[in-house]
Every structure is written in structure tokens, then in C-alpha cells.
Amino acid sequence: MAPACLLSPTRITEDQPRPSMGRAKRRPRPSLVQDRKTLATVLGNLLAAAVDRNEAARAQAGSEAYPGSSTTVFHALDAPTIGVVAYMERLAHYSYCSAPVLLMAYRYMERVAGAVAEGTPGVAADELTVHRLMIASVVVAAKTHDDDFLSNHHYALVGGLPLDELNALEVGLLQLLGWRTTVSEAEFADVDMRVAAVVEEIEDAAAATAAAASPPPVRKSAPAQSSPTSVQAAAASYHSYRWPAAATGS
């Protein structure tokens, strides 16, 4: 039987120097690609702004002259009651997708909207189409990027749609994209840069608001100094009490 290997413990005394671990490094700020919650909020705000611009253009040009106004599978009968930002946050939370999926979904919607401007069949994001474009884009992006994704039945429950409608939306989006679901590195960097710029604007505005709301620091006044006259009077009074004047004989 082989003898057991005995390891002598290392004893560190006060005379032995401790190994230096180096200067503590500050943890860098997480990228927006890793912060899914903030990314969903920012992308929702960008989509809401795009919807407002498209609705204003529709009202100015008229529904018939506005490009991409033809009814498609993405057009709902009525505008959903849930807002764009809240819907994007819901999709990001309950779909359990990765953060790059949200960037890819946003890029899909930009491609579809850009196709409208180029004269090819496409769908512009407005109050009737944006929610259906969002859920379809998230589903396609999750199946393209993530190794583990959920079933369309789960996505339909998250998006608040019947299963057959979600299946039709998925096929319709793939046809509009020309079955090109990959997003290049340059497209990722472009969307991430624009999202980071929006986050910096929000942080700067919040810092300015906090600085304006905080009251200015109150400076303490210096203690009042006694005048030379009062000091001399106090000294004379103490001197007369300590050493009273000698009585003179008559």
C-alpha cells in the first residue's frame, strides 16, 4: 500500500510578506447587450417615437397616399391598449430571450420599414401594426440566435394572440425579410451605438434634474469676534476685581 501524500500547511507569520494581489480593478459598466431590461425599455421608446412620426405623416398625407398603408396580416382591427414600451418590456421578460435577440428584432422592423421607403412590399410601424411586428420579430430572432427557445404556444400567450395568428405573423415576417434572418456585426454595432446614445441622454437629463432639485449647500457663518473695546473693558474689570486698589490713608 502506497503511503499517503502528506502536504505540509503553509504557515504565514508576521515576518513573512503577503503576496500582493495588485491594485483593485474597477468593474466596468455592463454593456447594453448584457442589460436586457434597460435595452427593452430604450428600444420600446425608440419604437414609440417611430410610431408617433408615422402617425403624424399618415395624418398629413392621408391614409390612401401614405406608403405601406395597405392592409396586411400585421394590421390589427383596433390599437391594443398596452403601450409600446410596456409591450416590449413584457416580451423581453416573459419570452426569456437573450438581449441580442431584442437588437435583432429591432433591426428586423427597421428592414421592413425601410422596404416601404424603397417601394418594395413592407409594413410601416404604426399604432395598428407595431405590436404584431414586435412579437413576430422577437419570435424569429429568438429562433435564429438563441440555442434554446420556446414554442409558439408560449410566445402566443406572452403576446396575447391566438396561436394561428402568431404562426401567420411569423411566416409573413419571413416573407417580408426575404428569409434573410441573419444580422451582421456592422448592423449590431449600429443599433447598439444608437441605443447607447439614447441611454447617455437619459442619464445626463436625470443628473441635471437631480442637481437642479438639490438645494445649494448652506455655509455656516463665522463666529462673531469681540471688538477690541469690549476685550479691554473685560480685562480691566477682571484686573480691578483681582487686584483691588490699595486704600490710601487719611
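A short tour of the structure in this document, coming up. (Residues numbered from 1 in each chain as written. Predicted model: local features only at pLDDT ≥ 70, side-chain atom pairs only at ≥ 80, totals over all residues. Heavy atoms only, no water.)

**Observations concerning the overall build of the protein chain**
Next up, step 1: In terms of regular secondary structure, the protein chain is built from 8 helices and 0 strands.
Next up, step 2: Helices and strands appear in the protein chain in the N-to-C order α-α-α-α-α-α-α-α.
Next up, step 3: Within the protein chain, the proportion of its 250 residues that are buried is 31%.
Next up, step 4: In the protein chain, the proportion of contacts linking residues at least 24 apart, taken out of those at least 6 apart, comes to 80%.
Next up, step 5: Here the protein chain has roughly 17300 Å² of accessible surface; of this, 58% comes from carbon and sulfur atoms. (Helix = DSSP H or I, 4+ residues; strand = E, 2+ residues; numbered from the N terminus. Buried < 20%, exposed > 50% of the residue type's maximum accessible area, 1.4 Å probe, protein only. Contact = heavy atoms within 4.5 Å. Areas by Shrake-Rupley, 256 points an atom, 1.4 Å probe, with all protein chains shown as cover.)

**Digging into the packing of helix 4 (residues 130–145) against helix 6 (residues 163–176)**
Next up, step 1: In contact at an axis separation of 9 Å, helix 4 and helix 6 are set at 75° when each is read in the N-to-C sense. One way to sum up the angle between helix 4 and helix 6 is to call them roughly perpendicular. Every residue of helix 6 that contacts helix 4 at R132, I135, A136, S137, V139, V140 and K143 is listed here: E165, L166, L169, E170, L173 and L174.
Next up, step 2: The class makeup of the residues in the contact of helix 4 with helix 6 is 8 nonpolar, 1 polar and 4 charged. (Axes fitted to C-alpha atoms, helices over the stretch in contact; angles between N-to-C directions. Parallel < 35°, antiparallel > 145°, perpendicular 65-115°, else oblique. Nonpolar A, V, L, I, M, F, W, Y, C, P; charged D, E, K, R; others polar.)

**A closer look at the nonpolar core**
Next up, step 1: In this structure, L102, M134, I135 and V195 are the most contacted members of the largest nonpolar core, which totals 49 residues.
Next up, step 2: Contributions of two or more residues to this core are made by helix 1 (36–61), helix 2 (84–94), helix 3 (99–117), helix 4, helix 5 (152–159), helix 6 and helix 7 (185–213).
Next up, step 3: For M134, the contacting residues outside a window of four places in its chain are L47, V84, Y87, M88, L91 and M109. (Core = buried A, V, L, I, M, F, W, Y, C linked by side-chain atoms within 4.5 Å.)

**With respect to the side chain of T181**
Next up, step 1: Among the structural elements, T181 can be located in the loop between helix 6 and helix 7.
Next up, step 2: Under the relative-accessibility criterion, T181 is labelled buried at 15%.
Next up, step 3: Sequence-distant contacts of T181, defined by excluding residues within four places in its chain, comprise M104, Y108, V140, T144 and L174.

**Some points on the pattern of salt bridges**
Next up, step 1: Counting across every chain of the model gives 7 salt bridges.
Next up, step 2: We note a salt bridge from E170 to K143, for which the minimum N-O separation is 3.0 Å. Here the residue E170 occupies a position in helix 6, and K143 occupies one in helix 4, the gap between them amounting to 27 residues.
Next up, step 3: On the basis of relative accessibility, which here comes to 13%, the residue E170 falls in the buried class.
Next up, step 4: Residues joined by salt bridges that share partners form a network here, namely R107, E110, R111, E187, D190 and R194. (Salt bridge = Lys/Arg side-chain N within 4 Å of Asp/Glu carboxyl O.)

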